[in-house]
Amino acid sequence: MSKEFTQADLQNQAGALATEIIDCVLRQPEPPRTVVVLEALVMLYRIHAQSLSPHGIGLCAMTLGQLAGEMLQASTATKVPGCNAIH
């Protein structure tokens, strides 16, 4: 029986992949905005999620939920003139 993929495994492998993305995509002379990279990763998740086990989907859902919470919190931390948070 194979070892179950854990949250620690997810964090370790995600950290290594994030470093690759930074080196290959975000450090180019004219890097795309980080939000574009994030959108691409969410699209990849949506396409790939169908092939994940229920456990894998749960791990990804928790990670995306944490990120969404952090982003909502950050979006209200600094008031930008003409930009009202919608939440």
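Residues numbered from 1 in each chain as written. Predicted model: local features only at pLDDT ≥ 70, side-chain atom pairs only at ≥ 80, totals over all residues. Heavy atoms only, no water.

A. Representation of the environment of E4 in the model. Locating E4 in the fold gives a position in the segment before α1 (7-26). Put simply, E4 and G56 are 52 residues apart on the chain and 9.6 Å apart in space, counted from C-alpha to C-alpha. In contact with E4, other than residues within four places in its own chain, are D9 and H55. (Helix = DSSP H or I, 4+ residues; strand = E, 2+ residues; numbered from the N terminus. Contact = heavy atoms within 4.5 Å.)

B. View of the packing of α1 against helix α2 (residues 34-48). Packing of α1 against α2 brings their axes to within 12 Å, and their N-to-C directions diverge by 125 degrees. Put simply, α1 runs oblique to α2. The crossing of α1 and α2 is right-handed. Packed against α1, whose contacting residues are I21, V25 and L26, the element α2 presents T34, V37 and L41 at the interface. Tallied by class, residues from the contact of α1 with α2 come to five nonpolar, one polar and no charged. (Axes fitted to C-alpha atoms, helices over the stretch in contact; angles between N-to-C directions. Parallel < 35°, antiparallel > 145°, perpendicular 65-115°, else oblique. Left-handed = near helix turned anticlockwise from the far one by under 90°. Nonpolar A, V, L, I, M, F, W, Y, C, P; charged D, E, K, R; others polar.)

C. Region of interest: the side chain of D9. Relative to the assigned elements, D9 resides in helix α1. When residues no more than four places from it in sequence are discounted, the contact partners of D9 are K3 and E4.

D. Broad picture of the packing of α2 against helix α3 (residues 54-77). Close contact between α2 and α3 brings their axes to 12 Å; oriented N to C, the two are set at 155 degrees. Regarding the angle of α2 to α3, the classification is roughly antiparallel. Taken as a pair, α2 and α3 cross one another with a handedness that is left-handed. Contact residues: L38, V42 and Y45 in α2; I57, C60, L64, L67 and M71 in α3.

E. Seen up close, a nonpolar patch on the surface. Taken together, the side chains of L64, L67 and M71 define a hydrophobic patch exposed on the protein surface, amounting to about 210 Å² of accessible area. Inspection of the secondary structure assignment puts M71 in helix α3. By relative accessible area, which is 41% here, M71 ends up partly exposed. (Patch = residues over 30% accessible without salt bridge, like charges linked within 9 Å, V, L, I, M, F, W, Y side chains within 5 Å. Areas by Shrake-Rupley, 256 points an atom, 1.4 Å probe, with all protein chains shown as cover. Salt bridge = Lys/Arg side-chain N within 4 Å of Asp/Glu carboxyl O. Buried < 20%, exposed > 50% of the residue type's maximum accessible area, 1.4 Å probe, protein only.)

F. Broad picture of the confidence of the model for the protein. Chain-level statistics for the protein give a pLDDT mean of 80 and a share of 85% at 70 or above. Averaged over each element, pLDDT in the protein is lowest for α2 (83) and highest for α1 (87). (pLDDT = per-residue confidence, 0-100.)

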